[in-house]
Amino acid sequence: MKKSTVRVTIVLILLIVGLVGFYAFLTGRARTQAQEAVMTPVQEALSRDLTKNYPATVKEVVKYYTEIEKCFYNEDCTEEELEQLGMKARELYDDDLLAINDVDIYLLQLKADVKKFKDAKRRIGNISVAASTNVDFFSQDGFDFARIYCGYTVKESTGQSVSEGRVYLLRRDEERHWKIYGWESADKVNPGEN
């Protein structure tokens, strides 16, 4: 009897070790698959639902817009993804800006700009949006406006980096969302300041 009890015990131990090993293998594999399922920057930008999760501050609006810009110019987007990104960017635009930018013309211009940028082998390296404390708020004609500076580092095909600045003007809409009203090169906004 002792021999059969020892055999049964050994078989049970081996069976338990086998089951634990198999479970560990499966959970490790699931973890690896989850890590591989990381979203690309384009997928991240497109996944944001602005009707439910609109950026709350001027800085967050511009930061999200610049994330979309990096996708335009740095990622290998399909034509469909580029159009989807363009439409996502338009969700951040003020109604007056949308009114002067027909969708079809906007998308054609966007594709041409992206092609020109990529053909020149340029890349957006770094983008730095000014701190929320550096936002210039003002009221005009019954509307609330805000100005914020954004710095871009663009890497040229020669390997050199060029710094560019842009000042964004945003207007608050009826839903109290900050929408991009327009932008201009920082050189034109503050002539003489570099």
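Before reading further, recall that the structure is shown in the block above.
Notes on the structure in this doc start here. (Residues numbered from 1 in each chain as written. Predicted model: local features only at pLDDT ≥ 70, side-chain atom pairs only at ≥ 80, totals over all residues. Heavy atoms only, no water.)

Time to look at a nonpolar patch on the surface. Side chains of Val8, Leu12, Leu15 and Leu19 sit close together on the surface and give an oily, nonpolar patch of about 390 Å² of accessible area. In this fold, valine 8 is placed in helix α1 (residues 2-36). (Patch = residues over 30% accessible without salt bridge, like charges linked within 9 Å, V, L, I, M, F, W, Y side chains within 5 Å. Areas by Shrake-Rupley, 256 points an atom, 1.4 Å probe, with all protein chains shown as cover. Salt bridge = Lys/Arg side-chain N within 4 Å of Asp/Glu carboxyl O. Helix = DSSP H or I, 4+ residues; strand = E, 2+ residues; numbered from the N terminus.)

Take the environment of tyrosine 93 next. Residue position: tyrosine 93 is located in the loop between α4 (79-90) and α5 (95-99). Put simply, tyrosine 93 and leucine 82 are eleven residues apart on the chain and 17 Å apart in space, counted from C-alpha to C-alpha. Separated by 3.0 Å, the side chains of tyrosine 93 and tyrosine 65 make a polar contact. (Polar contact = N/O pair within 3.5 Å; in protein donor to acceptor, adjacent residues only side chain to side chain.)

As a further point, take the pairing of strand β5 (residues 178-185). One face of the sheet, then the other: side chains in a regular strand alternate in exactly this way. Direction of pairing for strand β4 (residues 161-172) relative to β5: antiparallel, over a ladder of seven bridges. Across the sheet, residue leucine 170 finds its bridge partner in β5, namely isoleucine 180. The loop that links β4 with its antiparallel partner β5 comprises five residues; one of these, arginine 176, has a positive phi angle of about 70°. (Pairing = 2+ DSSP bridges.)

What follows deals with the nonpolar core. Ile68, Phe72, Leu92, Ile148, Tyr168, Leu170 and Ile180 are the most contacted members of the largest nonpolar core, which totals 38 residues. For this core, the secondary-structure elements that each account for two or more residues are α2 (41-47), α3 (58-74), α4, α6 (103-119), β1 (123-129), β3 (143-155), β4 and β5. Excluding its chain neighbours within four sequence positions, the residues that come into contact with isoleucine 180 are Val61, Tyr65, Leu92, Tyr93, Asp94, Leu97, Tyr168, Leu169 and Leu170. (Core = buried A, V, L, I, M, F, W, Y, C linked by side-chain atoms within 4.5 Å. Buried < 20%, exposed > 50% of the residue type's maximum accessible area, 1.4 Å probe, protein only. Contact = heavy atoms within 4.5 Å.)

Turning next to unusual backbone geometry. Outside of glycine, negative phi angles account for most residues, and trans bonds account for most peptide bonds. The phi angle at aspartate 141 is positive, at roughly 50°, despite the residue not being glycine. Looking at the secondary structure, you find aspartate 141 in the loop between β2 (136-140) and β3. Here arginine 176, not a glycine, exhibits a phi torsion of approximately 70°, which is positive. Here arginine 176 lies in the loop between β4 and β5.

Time to look at the pattern of salt bridges. For the structure shown, the criterion picks out ten salt bridges. One salt bridge connects glutamate 79 with lysine 111, and the closest N-O pair in it is separated by 2.9 Å. Placement of glutamate 79 in helix α4 and of lysine 111 in helix α6 is noted, with a sequence separation of 32 residues between them. When its relative accessible area of 53% is taken as the criterion, glutamate 79 is described as exposed. Accessibility expressed as a relative area gives 23% for lysine 111, which makes it partly exposed.

Before going further, it helps to spend a moment on the side chain of arginine 90. Here arginine 90 lies in helix α4. Among buried Asp, Glu, Lys and Arg side chains, arginine 90 stands out as unpaired, with aspartate 102 the closest opposite charge at 6.9 Å. Looking at arginine 90, its side chain comes within polar contact range of the main-chain oxygen of asparagine 101, at 2.8 Å. (Lys, Arg positive; Asp, Glu negative; His and termini not counted.)

What follows covers the packing of α3 against α4. At their nearest, the axes of α3 and α4 sit 10 Å apart, and the two run at 160° to each other. Taken together, the axes of α3 and α4 lie roughly antiparallel to each other. Classified by chirality, the crossing of α4 by α3 is left-handed. Counted together, Tyr64, Tyr65, Ile68, Cys71 and Phe72 of α3 and Leu82, Leu85, Gly86, Lys88 and Ala89 of α4 form the full contact between these two elements. Counted by class, the contact of α3 with α4 contains eight nonpolar, one polar and one charged residues. (Axes fitted to C-alpha atoms, helices over the stretch in contact; angles between N-to-C directions. Parallel < 35°, antiparallel > 145°, perpendicular 65-115°, else oblique. Left-handed = near helix turned anticlockwise from the far one by under 90°. Nonpolar A, V, L, I, M, F, W, Y, C, P; charged D, E, K, R; others polar.)

Counting across every chain of the model gives twelve aromatic pairs. Residues phenylalanine 143 and phenylalanine 145 carry aromatic rings whose centres are separated by 6.4 Å and whose planes lie at 70° to one another, so their mutual orientation is edge-to-face. Take phenylalanine 143: its relative accessible area is 34%, and that puts it in the partly exposed class. Among the aromatic side chains, those forming a connected cluster through ring pairs are Tyr65, Tyr93, Tyr106, Tyr168 and Trp183. When the ring centre of tyrosine 64 is taken as reference, the NZ or CZ atom of arginine 48 above it lies at 4.8 Å. Looking at arginine 90, its charged tip hangs above the ring of tyrosine 106, at a distance of 5.2 Å from the centre. (Phe/Tyr/Trp six-rings, centres within 6.5 Å; stacked < 30°, edge-to-face > 60°. Lys NZ or Arg CZ within 6 Å of the ring centre and 35° of its normal.)

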